[in-house]
Amino acid sequence: DDARKELWRPYMEIVRRSDASIFVMENVQQLLGSPEHKEIERLARSMGFKLAWAKLCAADYGVPQTRWRAFIVGCKFADPVQVFPPKKTHYNPKKGHINAFSEELDDYIVNPTPWNTVRSAVFDLPVPVGTEVRRNLLGPLDIHFGRTPTSLSLKRYKTIPKEGMNRFDLQKRAPEITPDCWIRKTSGGTDLFGRLWWDRPAFTIRTEFFKPEKGQYLHPEWTADKPESRVNRPITHWEAARLQGFPDDFSWCGKKIEIARQIGNAVPVGLAEAIAGSVLDQLEAPIPMVI
C-alpha cells in the first residue's frame, strides 16, 4: 500500500500530456514481472505504445560496477524491440570471451572488451584530504575527501584486510567488535562492511556509499600502520562518481550528503548512454510505408 509504488502513474500522465512518441522508464530490476509492470504495460498499450523491456547490468556497458536496473521503452511509431535492449559493449571475463559459438553473440557489439574494474576507475587518484567539500578547489578534488572514523571503526577496517571480505569475515575474526545486529542477522546483506576488489567491478553504488556498514565500500588497498592515508577507509565521493562513470569535469551541487544522493541515485553514465543511443536509433530509423 506504499504510495511510492504508484509513482509510475503520474509519469505516464506526463507522457500522455506531452504527447510523447517515445518514453523510457527506469527502476529497480524487481519491477519487471510485478503487478505494477502489468499495469504499466496495460496502460501504455492503451495509449498506443509498443513496448520492450529488459534488466540490464551497467558493467556490460563499460561502467566499473555490476549495477542491475530495469528499463521499459515505449514507442508509438515503431516496435522498440528492433533497437532495445542495446548491444552490450563489455563482457564478464569470468565467462570467457564471447565467441561465434555463443548463444549470446547477437547481444554484443563486434569485438566487445572485458568489464572495467575498480582499479581502472580509481587507481590513479591521489590521497583524499579533509572531511568536507572544498569549494576553493576545482573539481573533482573538491569532492575527494574522507571521514573521521572512530577507533572502533578503524579496528574493524583492519580486521578484514583482504579484498572481498565482509561482515561475516569480521564476525569470524573478531566477534567482540562485530555489531550485535549483524550477529543476530545470519543471512542477507553479504556485501555489508565489505572491501572492494581491485580487479573486479564494484557492487551497486548506493546513496550512502561513504558508510562501510551500508555496502561493499571499503577501499581495496589495506595497510595496517597507515589508517590516515588512502587506505583503511570507505571510498570518497570522487571515487564513487568514477565508479558510476561520471567524467571528472562533471559539476556537483549542494552539500556532501546531497552530492552523495545525486551520485548514488543516478543511472550509471555508460548505461544511460546506451539507452539514449537505442532511442536515437529508433528516432532515426526509416518509418516503413503502409501499403
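Structure's up top.
Source: prediction; values computed, not measured. (Residues numbered from 1 in each chain as written. Predicted model: local features only at pLDDT ≥ 70, side-chain atom pairs only at ≥ 80, totals over all residues. Heavy atoms only, no water.)

With respect to the helices, strands and loops of the structure, arginine 233 is situated in the loop between helix H6 (180-184) and helix H7 (237-243). Within the local environment of arginine 233, its side chain forms a polar contact with the side chain of glutamate 239, the two groups lying 2.9 Å apart. Here arginine 233 is in contact with Pro128, Tyr157, Tyr217, Leu218, His219 and Glu239, once residues within four sequence places are set aside. (Helix = DSSP H or I, 4+ residues; strand = E, 2+ residues; numbered from the N terminus. Polar contact = N/O pair within 3.5 Å; in protein donor to acceptor, adjacent residues only side chain to side chain. Contact = heavy atoms within 4.5 Å.)

What follows is about the nonpolar core. Ile205, Phe209, Ile235, Leu243 and Ile263 are the most contacted members of the largest nonpolar core, which has 25 residues in total. Contributions of two or more residues to this core are made by helix H3 (118-122), H7 and helix H8 (256-265). Among the elements that make up this core, the one with the highest residue count is H7 (four residues). In contact with leucine 243, not counting residues within four places along its chain, are Val63, Pro64, Gln65, Val118, Ala121, Val122, Ala202, Ile205 and Ile235. Core analysis: the next-biggest nonpolar cluster, separate from the first, contains 15 residues, Ala20, Met25, Ile40 and Ala44 among them. (Core = buried A, V, L, I, M, F, W, Y, C linked by side-chain atoms within 4.5 Å. Buried < 20%, exposed > 50% of the residue type's maximum accessible area, 1.4 Å probe, protein only.)

Restricting attention to buried positions, one finds in H8 the residues Ile259, Ala260, Ile263 and Gly264. Angularly, the buried residues of H8 cover 130 degrees about the axis, an arc narrow enough to put them on a single face. In this structure, the buried residues of H8 make contact with H7. (Arc of directions from axis to C-beta.)

Next up on the list: the packing of helix H1 (residues 8-18) against helix H2 (residues 35-46). In the contact formed by H1 and H2, the axes pass within 11 Å of each other and the chain directions differ by 15 degrees. Classified by the interaxial angle, the pair formed by H1 and H2 is roughly parallel. Along this stretch, H1 crosses H2, giving a crossing that reads as right-handed. Counting all contacts with H1, which are made through Trp8, Arg9 and Met12, the residues of H2 involved are Glu36, Glu39, Ile40, Leu43 and Ala44. Looking at side-chain class alone, the contact of H1 with H2 contains five nonpolar, no polar and three charged residues. (Axes fitted to C-alpha atoms, helices over the stretch in contact; angles between N-to-C directions. Parallel < 35°, antiparallel > 145°, perpendicular 65-115°, else oblique. Left-handed = near helix turned anticlockwise from the far one by under 90°. Nonpolar A, V, L, I, M, F, W, Y, C, P; charged D, E, K, R; others polar.)

Taken as a whole, this structure holds ten aromatic pairs when the rule is applied. With a centroid separation of 4.7 Å and 70 degrees between ring planes, the pair formed by phenylalanine 246 and tryptophan 252 is classed as edge-to-face. Both residues of the pair, phenylalanine 246 and tryptophan 252, count as buried. Taken together, Tyr11, Phe23 and Phe49 form an aromatic cluster joined through their ring pairs. If you follow arginine 200 out to its NZ or CZ, it ends over the ring of tryptophan 197, 3.8 Å from the centre. (Phe/Tyr/Trp six-rings, centres within 6.5 Å; stacked < 30°, edge-to-face > 60°. Lys NZ or Arg CZ within 6 Å of the ring centre and 35° of its normal.)

Let us look at the side chain of threonine 178. Along the chain, the position of threonine 178 falls in the loop between helix H5 (167-173) and H6. Among the residues examined, threonine 178 registers a relative accessible area of 4% and is labelled buried. Setting aside its immediate chain neighbours within four residues, threonine 178 contacts Arg156, Leu170, Gln171 and Ile183.

By themselves, these are just geometric observations and shouldn't be taken as functional.
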